[in-house]
Amino acid sequence: MKGFTLADLKRVMRECAGEDENVDLDGDILDAPFENLGYDSLALLETATRIERELGVRMPEEVLSGAMTPRLLLDAVASAR
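Since the structure is predicted, the reported quantities are computational estimates derived from the model, not experimental observations.

Asks: So what exactly am I meant to see when it comes to the overall build of the chain here?
Replies: Along its length, the chain carries four helices and zero strands. Each helix and strand of the chain, placed in order from N terminus to C terminus, yields the pattern α-α-α-α. Relative to the 2.2 N^0.38 estimate, which gives 12 Å for 81 residues, the radius of gyration of the chain is 12 Å and therefore close to what a compact globule would have. Principal-axis analysis of the C-alpha atoms places the extent of the chain at approximately 35 × 25 × 20 Å. Counting every position in the chain, which comprises 81 residues, the buried fraction comes to 36%.

So, in structure tokens, the structure goes:
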């Protein structure tokens, strides 16, 4: 099974919450805090819900709350699979 990649995450983020015009999601964002990328907790919750639905996984809230960057969220997705 193919892994959930940064490109997949960017797609879901854009679909769920759009993209801040002042942020280039195609830049080096792997370790950038979501807050700096223009994504608040509600946008991240919607993103996580979409990921769970697409992949058929469940990610506990405490895991999601610790995923402050794209890298940490991708790690959480990988561990939930």
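Asks: Mind showing me how you'd approach the nonpolar core here?
Replies: Nonpolar side chains tend toward joint burial in soluble globular proteins. Core analysis: the biggest nonpolar cluster contains 22 residues, and Leu-37 and Ile-51 have the highest contact counts within it. The set of elements that each furnish at least two residues to this core consists of helix 1 (6-17), helix 2 (41-55) and helix 4 (70-80). The residues contacting Leu-37, other than those within four sequence positions of it, are Asp-20, Val-23, Leu-25, Ile-29, Ala-32 and Pro-70.

Asks: Please explain the side chain of Lys-10 as it appears in this structure.
Replies: With respect to the secondary-structure elements, Lys-10 resides in helix 1. Excluding anything up to four places from it in sequence, Lys-10 contacts Leu-25, Asp-26, Gly-27 and Ile-29.

Asks: For this particular structure, what's the right way to read the pattern of salt bridges?
Replies: Side-chain pairing between opposite charges can occur once the charged atoms of the two side chains come close. This structure, assessed with the given rule, holds eight salt bridges. Between Arg-11 and Glu-15 there is a salt bridge, and its shortest N-O distance comes to 3.5 Å. Taken together, the residues Arg-11 and Glu-15, both in helix 1 and four residues apart, mark about one turn of the helix. Residue classification places Glu-15 among the partly exposed positions, given a relative accessible area of 44%. Here Asp-26 makes a salt bridge to Arg-14, at a shortest N to O gap of 3.3 Å. Taken as a pair, Asp-26 in the loop between helix 1 and helix 2 and Arg-14 in helix 1 lie far apart in primary sequence, twelve residues in all.

Parameters and conventions
- Residues numbered from 1 in each chain as written.
- Predicted model: local features only at pLDDT ≥ 70, side-chain atom pairs only at ≥ 80, totals over all residues.
- Heavy atoms only, no water.
- Helix = DSSP H or I, 4+ residues; strand = E, 2+ residues; numbered from the N terminus.
- Rg over C-alpha atoms; globule rule 2.2 N^0.38 Å.
- Buried < 20%, exposed > 50% of the residue type's maximum accessible area, 1.4 Å probe, protein only.
- Core = buried A, V, L, I, M, F, W, Y, C linked by side-chain atoms within 4.5 Å.
- Contact = heavy atoms within 4.5 Å.
- Salt bridge = Lys/Arg side-chain N within 4 Å of Asp/Glu carboxyl O.

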